[in-house]
Amino acid sequence: MKIINRLTLRCLQLNKRRTLVTVIGVILSVTMLGAVSIGLTSFTDLMRRHTITSTGEWHVRYEGVNKKQIDAIRQDFNTRELLLSEDLGFSPLKGSQNEYKPYLFLSGLSQSALEKLPIHLLEGRLPQNENEVVISSHIKTNGGVDYQVGDVLDLHLGKRVWTDEEVEFGKNGLDNTTLFQIDEETGNIKERLESIREKQVTVVGICERTGLEDYSAPGYRIFSLLDEETLSGYSSASAWVISRYVSNGLYQSAEELGNELGVHEMDFNDTLLEYYGVTDNPYLRTMLLSVVTAVLTIIVIGSVSLIYNAFSISVSERSRWLGMVASVGATRSQKRSSVLFEGILIGAVSIPFGLLFAFIGMEITFWCISPMFGNVFGIEEPLQAAVSWETVLLTVGMTALTIWLSTRAPARRASRISPIDAIRQTKDVRIKPRQVRTAKLTRRLLGFEGDLALKNLKRNKKRYRTTVFSIALSVILFISVSSLMSYAQTSITLRMGEYSYDLQLNGNCLLSDAESKNGLLSFYGRAAAMNGIQESAVTYSTSIDLLVPAELMPEAAVDAGIADKSGQGRYLVTLYAMEDAALERAARAAGVSPEAFRDTASLPVLVVNAADGWTAENKRYTGKALDLRGGDRLKVSRYDEQGNESIVCELTAAGELSECPFGTSRMREAINAFTVITSVDVLEALAVKAAPDSAVSCDMVIKSSDPNTLAEELQAVIEEEELPVYLHNAYADYQEEQQTKTIYAVFLYGFVCLISLICAANIFNTVSTGVALRRREVAMLRSVGMTKKQFHKMLRLETLLYGLKGMLYGLPAAVLVSWVLYQAFRSGFEFPFALPWREILLAVIAAFAVVGVTMLYAGNRLKRDGIIDTLRQENI
Amino acid sequence: MEILRVEQLSKIYGTGENQVVALDSVSFSVQRGEFVAITGPSGSGKSTLLHILGGVDTPTSGRVMIDGTDIYSLNENNLAVFRRRHIGLIYQFYNLIPVLNVEENINLPLLLDGRKEDPAYFKEIVRSLGLGDRLKYLPNQLSGGQQQRVSIGRALINRPALILADEPTGNLDSKNSGEIMQLLRHSNETYNQTLIVITHDEKIALQAGRIISIEDGRIARDEVVHR
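Residues numbered from 1 in each chain as written. Chains lettered and ligands numbered in written order. Predicted model: local features only at pLDDT ≥ 70, side-chain atom pairs only at ≥ 80, totals over all residues. Heavy atoms only, no water.

Participant: With reference to specific residues and values, describe the overall build of chain A.
Facilitator: Within chain A, the secondary structure is distributed over 23 helices and 21 strands. Each of the 876 residues in chain A was classed as buried or not, and the buried ones make up 49%. Pairs at least 24 residues apart make up 81% of the contacts formed inside chain A by residues separated by at least 6 positions. Entry remark: accessible area of chain A is about 41,800 Å², with carbon and sulfur atoms responsible for 56%. (Helix = DSSP H or I, 4+ residues; strand = E, 2+ residues; numbered from the N terminus. Buried < 20%, exposed > 50% of the residue type's maximum accessible area, 1.4 Å probe, protein only. Contact = heavy atoms within 4.5 Å. Areas by Shrake-Rupley, 256 points an atom, 1.4 Å probe, with all protein chains shown as cover.)

Participant: Residue-level account of the overall build of chain B, with values.
Facilitator: Along its length, chain B carries seven helices and 10 strands. Counting over 227 residues, chain B shows a buried share of 55%. Put simply, 69% of the contacts in chain B that link residues at least 6 apart link residues at least 24 apart.

Participant: Can you break down empty space enclosed by the protein residue by residue, with the values?
Facilitator: All names here are of chain B. Counting across every chain of the model gives six cavities of 30 Å³ or more. Taken as a whole, the largest cavity holds about 100 Å³ of empty space. Every element with two or more residues in the lining of the largest cavity is listed here: helix H2 (76–86), strand S6 (87–90) and helix H5 (144–156). It is S6 that provides the largest number of residues to the lining of the largest cavity, a total of three residues. Partitioning the lining of the largest cavity into residue classes produces five nonpolar, three polar and three charged. (1 Å grid on protein atoms, 1.4 Å probe; cavity = no way out; pocket = protein on both sides within 12 Å on 5 of 7 lines; lining within 4 Å. Points joined across faces, edges and corners; volume = space filled by probe spheres on them. Nonpolar A, V, L, I, M, F, W, Y, C, P; charged D, E, K, R; others polar.)

Participant: Explain the interface of chain B and chain A residue by residue, including any values.
Facilitator: In this assembly, 27 residues from chain B lie in contact with 30 residues from chain A. The three residues of chain B that bury the most area against chain A are Asn-95, Val-99 and Leu-112 of chain B, which together make up 23% of that side's buried surface. Between Glu-76 of chain B and Arg-782 of chain A there is a salt bridge, and its shortest N-O distance comes to 3.9 Å. Where chain B packs against chain A, one counts six residue pairs in polar contact (both at pLDDT 80 or more). For the side of chain B that touches chain A, the element with the most residues is H2 of chain B, which contributes six residues. (Buried area = accessible area lost by both parts, 1.4 Å probe. Salt bridge = Lys/Arg side-chain N within 4 Å of Asp/Glu carboxyl O. Polar contact = N/O pair within 3.5 Å; in protein donor to acceptor, adjacent residues only side chain to side chain.)

Participant: Summarise the sheet that holds strand S5 (residues 69–70) of chain B; cite the residues concerned and give the values.
Facilitator: Residue and element names in this part refer to chain B. Read from one edge of the open sheet, four strands run S2-S1-S4-S5, paired in antiparallel fashion. With one partner strand each, in any of the chains shown, strand S2 (20–31) and S5 form the two edges of the open sheet. Relative to strand S4 (residues 61–66), strand S1 (residues 2–13) runs antiparallel, the two sharing five bridges. Its bridge partner being in S4, Arg-5 is matched across the sheet by Met-65. Relative to S1, helix H1 (residues 46–53) is tilted by about 125°, and along the sheet it contacts S1, S2 and S4. (Pairing = 2+ DSSP bridges. Axes fitted to C-alpha atoms, helices over the stretch in contact; angles between N-to-C directions.)

Participant: Mind laying out the sheet that holds strand S7 (residues 162–166) of chain B, listing which residues take part and the relevant values?
Facilitator: Residue and element names in this part refer to chain B. Spatial strand order, S6-S7-S8-S3-S9-S10: six strands in an open sheet with mixed pairing. Each end of this open sheet is capped by a strand with a single partner; those strands are S6 and strand S10 (218–224). Neighbour to neighbour, the strand axes of the sheet diverge by 15° on average, direction disregarded. The pairing of strand S3 (residues 35–39) with strand S9 (residues 210–215) spans four bridges and is classified as parallel. If you follow Ile-38 over to S9, its bridge partner there is Ile-212. Helix H6 (residues 174–190) rests against S3, S6, S7 and strand S8 (194–198) of the sheet, and its axis sits at about 155° to S8.

Participant: Give a description of a positive patch on the surface that names residues and reports values.
Facilitator: Positive charge collects at one region of the surface, where Lys-432, Arg-434, Arg-437, Lys-461, Lys-462 and Arg-465 of chain A lie side by side. Looking at the secondary structure, you find Lys-462 of chain A in helix H13 (residues 461–497). (Patch = residues over 30% accessible without salt bridge, like charges linked within 9 Å, V, L, I, M, F, W, Y side chains within 5 Å. Lys, Arg positive; Asp, Glu negative; His and termini not counted. Charge placed at Lys NZ, Arg CZ, Asp CG, Glu CD.)

Participant: Describe the packing of aromatic side chains, listing the residues and the values that go with them.
Facilitator: Residue and element names in this part refer to chain A. Overall, the coordinates contain 17 aromatic pairs over all chains when judged by the stated rule. Taking the centre distance of 5.3 Å and the plane angle of 40° together, the rings of Phe-764 and Tyr-857 count as tilted. Taken as a pair, Phe-764 in helix H19 (residues 730–772) and Tyr-857 in helix H22 (residues 837–864) lie far apart in primary sequence, 93 residues in all. Connected via pairs of aromatic rings, a cluster forms that spans Phe-90, Tyr-103, Phe-105 and Phe-180. Its guanidinium or amino end placed over the ring of Trp-240, Arg-61 lies 4.6 Å from that ring's centre, counting from NZ or CZ. (Phe/Tyr/Trp six-rings, centres within 6.5 Å; stacked < 30°, edge-to-face > 60°. Lys NZ or Arg CZ within 6 Å of the ring centre and 35° of its normal.)

Participant: Before we move on, could you go through the confidence of the model for chain A and cite the residues and values that matter?
Facilitator: The predicted coordinates ought not to be read in detail in places where the model reports low pLDDT. For chain A, per-residue confidence averages 82 on the pLDDT scale, and 93% of positions sit at 70 or higher. Confidence, read as mean pLDDT per element, is least for helix H11 (residues 419–424) of chain A in chain A (61) and greatest for strand S5 (residues 132–136) of chain A (92). (pLDDT = per-residue confidence, 0-100.)

Participant: Outline the pairing of strand S12 (residues 533–549) of chain A, listing residues and values.
Facilitator: Sheet analysis places S12 of chain A next to strand S20 (residues 695–704) of chain A, joined by eight bridges and oriented antiparallel. Residue pairing in the sheet places Ser-541 of chain A in a bridge with Ser-697 of chain A of S20 of chain A.

Participant: Tell me about the packing of H19 of chain A against H22 of chain A, residues and numbers included.
Facilitator: Each packed pair of helices is defined by two parameters, the angle between the axes and the distance between the axes. Residue and element names in this part refer to chain A. Two elements in contact, H19 and H22, have axes whose closest approach is 9 Å; the angle formed by their N-to-C orientations is 35°. The crossing of H19 and H22 is right-handed. Facing H19, whose interface residues are Ala-760, Ile-763, Phe-764, Val-767, Ser-768 and Val-771, H22 presents Val-850, Val-851, Thr-854, Met-855, Tyr-857, Ala-858, Gly-859 and Leu-862. For the contact of H19 with H22, a count of residues per class yields 11 nonpolar, three polar and no charged. (Left-handed = near helix turned anticlockwise from the far one by under 90°.)

Participant: Before we move on, could you go through helix H3 (residues 102–113) of chain B and cite the residues and values that matter?
Facilitator: Burial of H3 of chain B is extensive: 11 of the 12 residues sit out of reach of the surface. Every buried residue belonging to H3 of chain B is among Val-102, Glu-104, Asn-105, Ile-106, Asn-107, Leu-108, Pro-109, Leu-110, Leu-111, Leu-112 and Asp-113 of chain B, and all of these are buried. The secondary structure elements touched by the buried residues of H3 of chain B are helix H12 (440–459), helix H20 (775–783) and helix H21 (788–826) of chain A together with H2, helix H4 (119–129) and H5 of chain B.

Participant: Requested: an account of the side chain of Asp-113 of chain B, with residues and values cited.
Facilitator: All names here are of chain B. Mapped onto the fold, Asp-113 is located in helix H3. Given a relative accessible area of 12%, Asp-113 falls into the buried group. Setting aside residues no more than four positions away along its own chain, Asp-113 makes contact with Val-81, Arg-84 and Arg-85.

Participant: I'd like a description of a nonpolar patch on the surface, backed by residues and values.
Facilitator: Residues and elements named next belong to chain A. Among the surface-exposed residues, Val-349, Phe-353, Leu-356, Phe-357, Ile-360 and Ile-364 lie close enough to one another that they form a single nonpolar patch of about 530 Å² accessible area. Position of Phe-357 relative to the elements: it lies in helix H9 (residues 332–377). Accessibility expressed as a relative area gives 41% for Phe-357, which makes it partly exposed.

Participant: Account for unusual backbone geometry, with residues named and values stated.
Facilitator: Residue and element names in this part refer to chain A. In this structure, Leu-603 is a non-glycine residue whose phi angle is positive, near 50°. Inspection of the secondary structure assignment puts Leu-603 in the loop between helix H16 (580–590) and strand S14 (604–608). Judged by its relative accessible area of 0%, Leu-603 falls in the buried class.

Participant: Which residues make up the nonpolar core, and what values do they have?
Facilitator: The biggest cluster of nonpolar side chains holds 86 residues, and the ones touching the most others in it are Leu-452 and Tyr-802 of chain A together with Leu-4, Phe-28, Leu-53 and Ile-196 of chain B. Ignoring any residue separated from it by four or fewer positions in sequence, one finds Leu-452 of chain A in contact with Leu-781, Met-786 and Met-794 of chain A together with Ile-97, Val-99 and Leu-100 of chain B. Counting 56 residues, the second-largest nonpolar core is a separate cluster that includes Cys-509, Leu-546, Val-636 and Leu-727 of chain A. (Core = buried A, V, L, I, M, F, W, Y, C linked by side-chain atoms within 4.5 Å.)

Laid out in structure tokens, this is it:
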């Protein structure tokens, strides 16, 4: 080893503590870079697996190939594996319930194709010869034909032919893409099958519906094993290629091969190729690249500003021996290489650990969020940490870049250190009187120790700035992310707060149609008796228009211009009819006798008297919808089919409620909208007068102890009985929102924690070095009589001042960022601006703690020194 | 009147074979207002002696009584306070605080003690040190001689009974040396302060009233200078 490198190594060994902190800092940034690239690789890997599950594992498909062409494709250098398929013909599917899917479509697949194409067995096994088939479960669920494993099918294979022109369809009549031809008007079928041959096959397995056919395809695919020797010669075979090298040249090289062989019909598995970063869409590639580049750049900039500092300190500590080696003839480049060598050493130690931690970290993170992730994004495949050599290369490359950028300036400074600098022992930073000037007030407020503390901070601007920047950065990031999470939670709560229920069953019926109404009610009755129901309510609801006189409107509504020239305003009203027990509760809450709602002549209603929205002056209004005086009459308006408006009847406001009872809701963000509640009798009476034949929603809302299980059970009943009911699982929505939030929280907080750790390492490095460099001064202060207490007071005040300065920049910036985030979130929902006080407190305490602990540590090291030893040592 | 009494003072570094005896049972006493020069070859233990007298190093055994106080019976805190009130220490390498200006460096013991300066006395010191126009300068803007004068100012500001100087002129040219010694003698004579100076310089030693020679950690000679 060169002497200069040996010296560097020894210097690092001597300063074990500082070297360790630098190594930790670099490890942290490698971990972050590694986490990003492993994250990227893992998500890509997940999406590849997900795509392979639905489209199969292949990259290019050549269609309509013959034996000779197949052999040529197999010989191509870029073909890693070749899958073969041949379409053998359509056969009528007897008893198909889907009039657009009247066929079975038989394809033969080679052994490898059966394995690599997306055929996922539900029962049975894959075919082992050409007379065995695997069929899709779709035939039963969509076509309504129930074949079992073991059934023998007589296939009358044929090709599709237009009846009017006697011309076969594309692909020699084996086109399974063109819709089944039925004349929309007459209902006549415009195609037939022309027989090819008869074939008897046995069903040996049932698979999930494959992604290989369109939903509109006329034939349900079934698959047998293809014997390559018996290719029918119809040129209806396809060659599916798994490429050896998946790169951007794939599209071109595949097309060139196709042209060369005379195969002109080919297809690419675009979705899968996209996840290899291969796409013929340059825009998409640019976007992908720029997002990744942006994230990596942020991390590199953050890391550089921090690691740079570590090397700077190292160089200024080493300046004396650098000067000495310069005096015996070390050249500039030798001095510079000393710093670069340090960078290489530190990188060599840190990178493996960083990569390891990144992998372990991502593995744990994915393990935790994988179930949620699958649920939120609808992906069944587990999320696993994946590492490719590109990942490692990218991380190592970025780290090398980070270290190189960090060492550049210190290395240049090292190269300029001259022998005379070392002999004179001049510090690399000279202090000017202005720089350490403090206000008189400082001494009065904080005492002499405080004044000295402030001067100590000010003496080295760079160190001071780095520390303050690190504190501020961590505080800003932590508080911003906390705000983001808190606003996200508020908006989720607000949005979901509209649902006072877990599940809602949505049905429509005509009040006059007793059969459909009773059908729904009987289902709701059964639902109400199911396990886990805590509360339920059945409501009928409809929308009506009311004309409200201006004197009943609150000022805000008048201001908003709701009333027209005639002194009336149109209100959009949701009318709920509730069953007796629920209505009785609501009536009692409003102080009205439930008996009142038997009077169908005056059409009594309870008004949920609440509205919110914006006035004309763009002022927020939250308050009453109407200024009711008791017993007010509300006109119901209706447009007839000619578009003429008339008053059909009047409702009586029998009482008012301030909140919606369970099962009802009100419209938000509209001053001229409210909700009224009444009895089923009144609704029926109203319907007769207002809209005799219009449908109403008949809904049931449920609160349950186990909403998801109940939802599954209800859904099963709905599907089995083919009920015209839609199930809305509000609880699952809520859960999904929460999980989405958690996933973001994991990544955001993970990022913030790592950045904060780097900042902490940086603060530790800077502050402790700052104190250590003052050893001699401290010894001097002690020799002229500074007591231990005074020394500690000075350090405490330095901590306090660092912290305060960090907060001075950090807190306002954090509040500002929070405000911006708040503005983004409140566009959907109105909620007051609030700051996450608990997290702010935590951030402040943590920042002071990091600086404080460092000071304590550095101070304690100094205290152990003897005064004279220190003074003497530094003099020699 | 006795200001300083040293009894059986020993300082031993290391143990076993590596043991070095820096001071070997040294005893002597000094009267108030005396000017004592301590001489001796390098490594004889004279600096160690001075540091122990100044309360910044600890003896292995023996006692140091200053003005009736056994300073090593004080705890660390009280010793620090004792130092800033009763002892003025001057080092060869000045050891000023780089972030404090001349005025603050001189007043350091007072500032640490939380006391106000006596403006008349401060003015007098500054005038006699010739630093009147340098009060707002930082140490790194001063020459070596000026820095040493600041450190003398710092040692004098408390009117200590005992001033200890460790080769105060070792780093200075002969003109500056002369001036510094004159300053020290002046305060010794004017304020009746006791002055103990370590020196290699015979001319300086001969200015003292008494010369103590140390060799191998023992007092080899203790003689009064007859003028």
